[in-house]
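One-letter residues, chain by chain:
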Amino acid sequence: MSDSIKILYNPACSKCRLSLQLIEDKGVSPEVMEYLSTPPDAAELGDILTMLGLEPRQLMRKHEAPYKELNLADESLSRDELIKAMVENPILIERPVVIRGNKAIIGRPPENILELF
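In this report, the structure presented in the accompanying data block is examined.

### Describing the nonpolar core
Part 1 of the reasoning: Residues Leu8, Leu52, Leu59 and Val97 are the most contacted members of the largest nonpolar core, which totals 22 residues.
Part 2 of the reasoning: Looking at this core, the elements that each hand over two or more residues are helix 2 (42-52), helix 4 (79-88), strand 3 (97-100) and strand 4 (103-106).
Part 3 of the reasoning: Dropping the residues within four chain positions of it, Val97 is found in contact with Lys6, Ile7, Leu8, Ile48, Leu52, Leu59, Ala104, Ile105 and Ile106.
Part 4 of the reasoning: Counting residues in each nonpolar core, the second largest holds 12 residues, with Ile7, Tyr9, Cys13 and Ile113 among its members.

### Let's talk about the side chain of Arg57
Part 1 of the reasoning: Mapped onto the secondary structure, Arg57 falls in the loop between helix 2 and helix 3 (65-69).
Part 2 of the reasoning: Polar side-chain contacts of Arg57 include one of 2.9 Å to the backbone oxygen of Leu72.
Part 3 of the reasoning: Other than its neighbours up to four places away in sequence, Arg57 contacts Lys62, Tyr67, Leu72, Ala73, Asp74, Glu75, Leu77 and Leu82.

### Focus: the pairing of strand 2 (residues 31-34)
Part 1 of the reasoning: Relative to strand 2, strand 1 (residues 5-9) is paired through four bridges, and the arrangement is parallel. Its bridge partner being in strand 2, Leu8 is matched across the sheet by Met33.
Part 2 of the reasoning: A crossover connection joins strand 1 to the parallel strand 2 through helix 1 (residues 14-25); in handedness this β-α-β unit is right-handed.

### A look at the pattern of salt bridges
Part 1 of the reasoning: What the rule picks out here adds up to seven salt bridges.
Part 2 of the reasoning: Lys6 is the salt-bridge partner of Glu44, the closest N and O atoms lying 2.7 Å from each other. Taken together, the positions of Glu44 in helix 2 and Lys6 in strand 1 put the pair 38 residues apart, joining distant regions of the chain.
Part 3 of the reasoning: Take Lys6: its relative accessible area is 19%, and that puts it in the buried class.
Part 4 of the reasoning: A salt bridge links Arg57 to Glu75, with the shortest nitrogen-to-oxygen separation between them at 3.8 Å. Placement of Arg57 in the loop between helix 2 and helix 3 and of Glu75 in the loop between helix 3 and helix 4 is noted, with a sequence separation of 18 residues between them.
Part 5 of the reasoning: On the basis of relative accessible area, Arg57 is assigned to the buried category, the value being 16%.
Part 6 of the reasoning: Accessibility expressed as a relative area gives 64% for Glu75, which makes it exposed.

The rules behind these values
Residues numbered from 1 in each chain as written. Predicted model: local features only at pLDDT ≥ 70, side-chain atom pairs only at ≥ 80, totals over all residues. Heavy atoms only, no water. Core = buried A, V, L, I, M, F, W, Y, C linked by side-chain atoms within 4.5 Å. Buried < 20%, exposed > 50% of the residue type's maximum accessible area, 1.4 Å probe, protein only. Helix = DSSP H or I, 4+ residues; strand = E, 2+ residues; numbered from the N terminus. Contact = heavy atoms within 4.5 Å. Polar contact = N/O pair within 3.5 Å; in protein donor to acceptor, adjacent residues only side chain to side chain. Pairing = 2+ DSSP bridges. Right-handed = clockwise from strand over helix to strand, strands pointing away. Salt bridge = Lys/Arg side-chain N within 4 Å of Asp/Glu carboxyl O.

No statement about biological role is implied by the geometric values presented.
Okay, here's the thing in structure tokens:
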């Protein structure tokens, strides 16, 4: 497994800050991806979903305005349409997501990420 670690990070999120601290406490300097300003592209987000073992809606923050505005609860929307919505509206992406090698974990609670070590 690669020692390279990436974190999808929002500096305003306490869970992101705690997750980053846990990683740094392990002596690792992760690649910090501030996903609100630099969202993953559709292919990368698809890979992340695969690593998490989730479908797009399971990684969505359903209480965010774009979820309702774009009617993302509509069951007829395809996986690709949902991923596209997340790329175009990264606020919808649950955070933090920590990636190491071919594994990814959502840091809710932050201690979950310790499984990567």
